[in-house]
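# Architecture and fold: a report
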Amino acid sequence: MKFGHIAAACLSLALSAGAFAQTTTLKIGYATSKESHYGVGSTVFCDEIEKGTQGRYKCQHFANSALGGEREQIEAIQLGTQDLLNTSTGPVGNFVPEVKIVDIPFLFRDYDHARKVMDGPIGQDILTKFPSKGIIALAWTENGFRHMTNSKRDIVKPTDAAGLKMRTMENKVHMDGYRTFGILPTPMAFPELFGALQQGTVDGQENPIPVILSAKFSQVQKHLSLTGHVYSPALLLLSPKVWNKLSDADKKVFVDAAQKASVAQRKKVNDDENNGIAQLEKDGMKVTKTVDGAAFREALKPAYVGYAKEFGADNIKKISDVK
Ligand code: PAF
């Protein structure tokens, strides 16, 4: 082989090795710690895309709201300044209105019901509404059923909750429902919540057990009531800026990875529900396990009139009827 040929071969080898070694690092954000349900799901997603793209994509994790509140992070996904977000639906309905229906309190009977709806035609159809809003929804993940905590008293029925100033997500569907319990809803971004509870700006808040554990709310809240008043779905969101650059094969890797993440995240929610309550008791919380669910549902009836008007009674029934 002539020198010129050898040089050309070396150059082409070097170029292909360079292309092979090129790695894109994606920024992924979520509200709680890396060990929490969001962290577990996000880690599985990131491990899977790294494996499935032979290292061409990997993640940098921004846990504990390091990139801001969930609303801010959704805006960043739209802008393309953040790549990935594992978020509750809390603020998502402000961007994709079709999501709001799944935020109705007492809509889902249990985890089995909620997961069937999300993984079935209703939930999957909602995912198709995202791209026109500048967001790619890869899969439903999970936050969990929300329970109330406060610094004042045990909550068994709505009259116990009445008058409590309670932080809520920036979610009108929740707030309309909680008002019927007599609660004074105070919408606030999650990163501000620990301080607000500590300073007594609000009396309480509501979140799933994995969040109450991870955020260490036992340090600032005495009473936990297992109200399970609303299911809090979550989503793994991706910026279209990234999605539009992916090959079809890589798109499949990302979607499959998101589905695996969802399984892992849901398992962590189950594990925390099973073991976390005892831990919170050990940490000093007084846990009310028997709540008058019927009284909460009864109180909620006026809000359901509004939900039926906004979302259609038939559409709500379609979700309730899923077995
Ligand atoms: O309460 C909230 O805002 C959400 O449940 C949280 C903790 C950010 C997790 O998605």
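This text follows the structure it describes.
Everything numeric in this text was worked out from a predicted model, so none of it was measured.

What follows is about the side chain of Ser65. Tracing the sequence through the fold places Ser65 in the loop between strand S2 (57-62) and helix H3 (70-79). Looking at Ser65, the relative accessible area reads 12%, which means it is buried. A distance of 3.3 Å separates a polar side-chain atom of Ser65 from the backbone oxygen of Ala31. Not counting chain neighbours up to four residues away, the residues in contact with Ser65 comprise Tyr30, Ala31, Phe190 and Pro191.

With that settled, the discussion passes to the side chain of Ser33. Mapped onto the elements, Ser33 comes out in the loop between strand S1 (24-29) and helix H2 (37-52). Of the residues examined, Ser33 reaches a relative accessible area of 13% and is grouped as buried. Residues contacting Ser33, with those up to four places away along its chain left out, are Gly39, Ala63, Asn64 and Ser214.

Listed as buried for helix H4 (residues 111-119) are Tyr111, His113, Ala114, Arg115, Val117 and Met118. The secondary structure elements touched by the buried residues of H4 are helix H5 (121-127), strand S4 (136-150), strand S8 (223-238), helix H11 (248-282) and helix H14 (313-320).

Moving on to the environment of Val92. By secondary structure assignment, the location of Val92 is in the loop between strand S3 (84-88) and H4. According to the relative accessible area criterion, Val92 is buried, its value standing at 1%. Along the backbone, Val92 and Ile74 are 18 residues apart, and their C-alpha atoms lie at a distance of 7.6 Å. Beyond its immediate stretch of four places on either side in the chain, Val92 contacts Ile74, Thr87, Val99, Phe130 and Leu235.

Right, let's get into the packing of aromatic side chains. With the rule as written, the count across this model stands at 13 aromatic pairs. The interplanar angle of 70° and the centroid separation of 6.1 Å between the aromatic rings of Phe190 and Phe217 together place this pair among those described as edge-to-face. Separated by 27 residues along the polypeptide, Phe190 in the loop between strand S6 (184-187) and helix H8 (193-199) and Phe217 in the loop between helix H9 (209-214) and S8 bring together distant segments of the chain. By relative accessible area, which is 18% here, Phe190 ends up buried. Residues Tyr304 and Tyr307 carry aromatic rings whose centres are separated by 5.4 Å and whose planes lie at 80° to one another, so their mutual orientation is edge-to-face.

What counts and how
Residues numbered from 1 in each chain as written. Predicted model: local features only at pLDDT ≥ 70, side-chain atom pairs only at ≥ 80, totals over all residues. Heavy atoms only, no water. Helix = DSSP H or I, 4+ residues; strand = E, 2+ residues; numbered from the N terminus. Buried < 20%, exposed > 50% of the residue type's maximum accessible area, 1.4 Å probe, protein only. Polar contact = N/O pair within 3.5 Å; in protein donor to acceptor, adjacent residues only side chain to side chain. Contact = heavy atoms within 4.5 Å. Phe/Tyr/Trp six-rings, centres within 6.5 Å; stacked < 30°, edge-to-face > 60°.

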